[in-house]
There are 2 protein chains.
Amino acid sequence: MSTEQQVLDRIERARRRRPVVREERITLAHGSGGRATQTLVQAVFLDAFRNPLLEPLEDGATLRLGAGEEGVRVNLAFTTDSYVVSPLFFPGGDIGDLAVNGTVNDLAMCGARPRYLSAGFILEEGLPVEDLRRIAASMAAAAAAAEVEIVTGDTKVVQRGRADGCYITTTGVGIIERPVTLSSAAARPGDAVLVSGPIGAHGAAVMLARGDFDIEAAIVSDTAPLHGVVAGLLDALPGGRVRTLRDATRGGVATVLNEVAAASNVAVVLEEAAIPVRPEVTGVCELLGLDPLYVACEGRFVAVVDGDHATRALDALRAHPLGEQAAIIGTVAPEPAAMVLLRTAVGGTRVVEILVGDPLPRIC
Amino acid sequence: MSTEQQVLDRIERARRRRPVVREERITLAHGSGGRATQTLVQAVFLDAFRNPLLEPLEDGATLRLGAGEEGVRVNLAFTTDSYVVSPLFFPGGDIGDLAVNGTVNDLAMCGARPRYLSAGFILEEGLPVEDLRRIAASMAAAAAAAEVEIVTGDTKVVQRGRADGCYITTTGVGIIERPVTLSSAAARPGDAVLVSGPIGAHGAAVMLARGDFDIEAAIVSDTAPLHGVVAGLLDALPGGRVRTLRDATRGGVATVLNEVAAASNVAVVLEEAAIPVRPEVTGVCELLGLDPLYVACEGRFVAVVDGDHATRALDALRAHPLGEQAAIIGTVAPEPAAMVLLRTAVGGTRVVEILVGDPLPRIC
């Protein structure tokens, strides 16, 4: 059984590992969300900014804020993401609702109720004002659907050729109303691994929208706000039975689970046949030589829960429209530590590495 | 005398004005911080996102957050800014400390004690990793100096030619510990207008650092965290005697005061001879055909205070190292409403318009 001390020990070990960036210049892989991103963040940013709130490198930071002398405390989640998706508009969404849903989801992964967003726009000279209006309307609709308000912002313009239409950075504040202890370092042997729905649609939809491939497929992004389905899960499994929540964005389910396996020092064993992927997504991935396990979702999350309550967790997810096709996809084992294994449909077992390189740049 | 109802009436009038973006495409002027930015923000973003917290369009939003059932409330300031300054490194600072100080200052302008920052990085493929290290180190030093922690972040990479080295969006959370009612709409006739130090050094330093002009001048950016000097002012003039605080960034002192004059429906009358500008900044501005009143500062702010306490306000500013050269630069008059006038050194009076166009793109 994993105690708080063991969790702290793991973080401390990760800290001492001190990764090194070997490249002299930034490459697209540094933005993949996979190994190169991890190394860059740890070697450059964590090394410079080091503090206990940043250290766990979760989807957001948990702030315990006081109100003056009375000893009053409010627990907040605080998270930021920059969106550079190309193209700006794609089937099922655009950079606007992506930027709102992505930050709403990071707050949800901290167990928080999303409340307020800020939005920083970097616009390229020449962007059609009509495109910006569409993006703003899409953000407003997504914010209304997620019950958050966009309360402050900033707008910068750079010369033609110094951006790509529009980049948006959204930052969110949410209130942590439940006593949650969610952490990537909290998975333990015997836990169950679930995913909230079919994976890989967002990445596949964006790739096809670029028009670089002569492929026709009716794939729409899965971009959606996850706070509702998460709330249902947390209500169904109180008392720390939900160990870890991670939305499977850049790097996909494979990368997220590798991070959980490493942080928790456990093995994650996946059943290939149990992982929901829509046939059209499988088809496109085969044509493009991609493994859906590495393709970004923007409306799906992975949950690690107490194995004794796996069915209850599944029922809670399926009770919500965004979790109707949720599935139990694997279990947590003690060994081999810090690894993700996949039991394939034909009976073999292979190692699922963290994403290396970036087959899908600018997917979010 | 200005009542809360009058302030609300002014906001309502501004709301009904419904500005229109006449351009079909985004221009650099939309990022100037002047009239075109104002129009874009009101016509596109405010129109789409409209809510009472965003509506005043101040430097940040004030959030009143509750903690569960107990009726406990914490007042937070929440603000975001994207930084696209070119070049990344300039005398007196770089994009890193600028991004920290700028957000710290927006929190300070809300009367908050800055606490936590997030940082979203958009990196261009090919950026030297060593440059990123320098920027991160500079952010860390600025955060330490401002007593804030960078607690969460995000890193994206875009292809060569889709950014300009590095853009940073910082978002800040601060705690409002004093009962402040700061607003651009709160200035009233009889108030005094102060500036915390010599203006225009940041913009002049960045312009020279671009190397487009054959001018040698020892000008360093004024980038600095202002929360300390602001706290001294608020302590010296409690009870609503400080009406408005605005840091004079894009668009400079002229633009900020035009916004105050319009929001408060008053005239601001400036004494040219009283406005502190370093001789080397004056010299460079003359050579470049710029008016220092429109040149960005990143460590200076304008304060509108109760006229009966102007001297006390000046003493409070001068008591802090970052306010040593503070000055009373003008007064608030009832007429002509929504205008800024400048009484020149030779005895004339001219209108100081809000910034139109963008003579200094990508200054912050």
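Since we're looking at a predicted model, the values are computed, not measured.

Criteria and thresholds
Residues numbered from 1 in each chain as written. Chains lettered and ligands numbered in written order. Predicted model: local features only at pLDDT ≥ 70, side-chain atom pairs only at ≥ 80, totals over all residues. Heavy atoms only, no water. Axes fitted to C-alpha atoms, helices over the stretch in contact; angles between N-to-C directions. Helix = DSSP H or I, 4+ residues; strand = E, 2+ residues; numbered from the N terminus. Parallel < 35°, antiparallel > 145°, perpendicular 65-115°, else oblique. Left-handed = near helix turned anticlockwise from the far one by under 90°. Contact = heavy atoms within 4.5 Å. Nonpolar A, V, L, I, M, F, W, Y, C, P; charged D, E, K, R; others polar. Least-squares fit on C-alpha atoms with pLDDT ≥ 70 in both. Pairing = 2+ DSSP bridges. Buried area = accessible area lost by both parts, 1.4 Å probe. Salt bridge = Lys/Arg side-chain N within 4 Å of Asp/Glu carboxyl O. Polar contact = N/O pair within 3.5 Å; in protein donor to acceptor, adjacent residues only side chain to side chain. UniProt positions renumbered as here; feature names shortened; annotations may be inferred. Buried < 20%, exposed > 50% of the residue type's maximum accessible area, 1.4 Å probe, protein only. Phe/Tyr/Trp six-rings, centres within 6.5 Å; stacked < 30°, edge-to-face > 60°.

Attention shifts here to the packing of helix 2 (residues 35–49) of chain A against helix 4 (residues 129–145) of chain B. Direction vectors running N to C along helix 2 of chain A and helix 4 of chain B enclose 25°, while the axes themselves pass 8 Å from each other. Compared by their axis directions, helix 2 of chain A and helix 4 of chain B come out roughly parallel. Along this stretch, helix 2 of chain A crosses helix 4 of chain B, giving a crossing that reads as right-handed. Where helix 2 of chain A approaches helix 4 of chain B, its residues Leu40, Ala43, Val44, Phe45, Ala48 and Phe49 of chain A are matched on the opposing element by Val129, Leu132, Arg133, Ala136, Ala137, Met139 and Ala140 of chain B. The residue inventory of the contact of helix 2 of chain A with helix 4 of chain B, partitioned by class, reads 12 nonpolar, no polar and one charged.

Another point: the relation of the copies chain A and chain B. Laying chain A over chain B is done by rotating through 180° and shifting 0.0 Å along the axis; what remains is an RMSD of 0.0 Å. Here the copies are linked by what is in effect a two-fold axis. Every residue of chain A has its C-alpha some distance from the rotation axis, and the shortest such distance is that of Ala163 of chain A, at 2.3 Å. Comparing interface residues between copies, 99% of those in chain A also lie at the interface in chain B; the contact surface is shared.

We now examine the sheet that holds strand 8 (residues 192–195) of chain B. Residue and element names in this part refer to chain B. Taken in spatial order, the seven strands line up as 9-11-8-12-10-13-14 in an open sheet, and their pairing is mixed. Every interior strand has two partners, whereas the edge strands, strand 9 (242–247) and strand 14 (349–351), have only one. Strand-to-strand twist of the sheet, defined as the mean angle between neighbouring strand axes without regard to direction, takes the value 25°. As paired elements, strand 10 (residues 267–271) and strand 13 (residues 339–343) share five bridges and run parallel to each other. Residue pairing for strand 13: Val269 is matched across the bridge by Leu341.

With that settled, consider the interface of chain A and chain B. Taken together, the contact between chain A and chain B spans 82 residues of the former and 82 residues of the latter. With both chains or domains summed, chain A and chain B bury close to 7100 Å², and 68% of this area falls on carbon and sulfur atoms. Where chain A touches chain B, the interface holds six salt bridges. Lys156 of chain A serves as the salt-bridge partner of Asp81 of chain B, at 3.7 Å between the closest nitrogen and oxygen. Joining chain A to chain B, the criterion identifies 26 residue pairs in polar contact (both at pLDDT 80 or more). Secondary-structure elements contributing two or more residues to the side of chain A that touches chain B are helix 2, strand 1 (61–67), strand 2 (72–83), strand 5 (113–124), helix 4 (129–145), strand 6 (149–158) and strand 7 (166–175) of chain A. Tallied by class, residues from the side of chain A that touches chain B come to 45 nonpolar, 19 polar and 18 charged.

In the numbering used here, UniProt assigns the feature "domain: PurM-like C-terminal" (unreviewed entry) to residues 188–336 of chain A. Across residues 188–336 of chain A, the secondary structure splits into 34% helix and 18% strand, with the terminal C-alpha atoms separated by 13 Å.

Turning to the pairing of strand 9 (residues 242–247) of chain A, a few remarks are in order. Residue and element names in this part refer to chain A. Most of strand 9 is tucked away, with six of its six residues classed as buried. The pairing of strand 9 with strand 11 (residues 301–305) spans five bridges and is classified as antiparallel. Within strand 11, the position partnered with Arg246 by the bridge is Val302.

Turning our attention to the sheet that holds strand 12 (residues 327–333) of chain A. Residues and elements named next belong to chain A. What the seven strands build is an open sheet, ordered 9-11-8-12-10-13-14; its pairing is mixed. Taken across any chain shown, the strands that pair with only one partner, and hence form the sheet edges, are strand 9 and strand 14 (349–351). Taken pair by pair, the neighbouring strands of this sheet meet at an average axis angle of 25°, ignoring direction. Along the sheet, helix 3 (residues 95–109) contacts strand 9 and strand 11; its crossing angle with strand 9, the most-contacted strand, is approximately 170°. In the packing of helix 9 (residues 310–318) onto the sheet, contacts are made with strand 8 (192–195), strand 11 and strand 12, and the angle to strand 8 comes to roughly 10°.

On to the packing of aromatic side chains, then. Following the criterion strictly, the structure yields four aromatic pairs over all chains and no others. Pairing Phe45 of chain A with Phe121 of chain B gives two aromatic rings, centres 4.1 Å apart and planes at 20°, and the pair type is stacked. Of this pair, Phe45 of chain A sits in helix 2 while Phe121 of chain B sits in strand 5 (residues 113–124), which puts the two residues in different chains. For the pair Phe45 of chain A and Phe121 of chain B, a shared accessibility class is recorded, and that class is buried. Among the aromatic residues, ring-to-ring pairing joins Phe45 and Phe49 of chain A together with Phe121 of chain B into one connected group.

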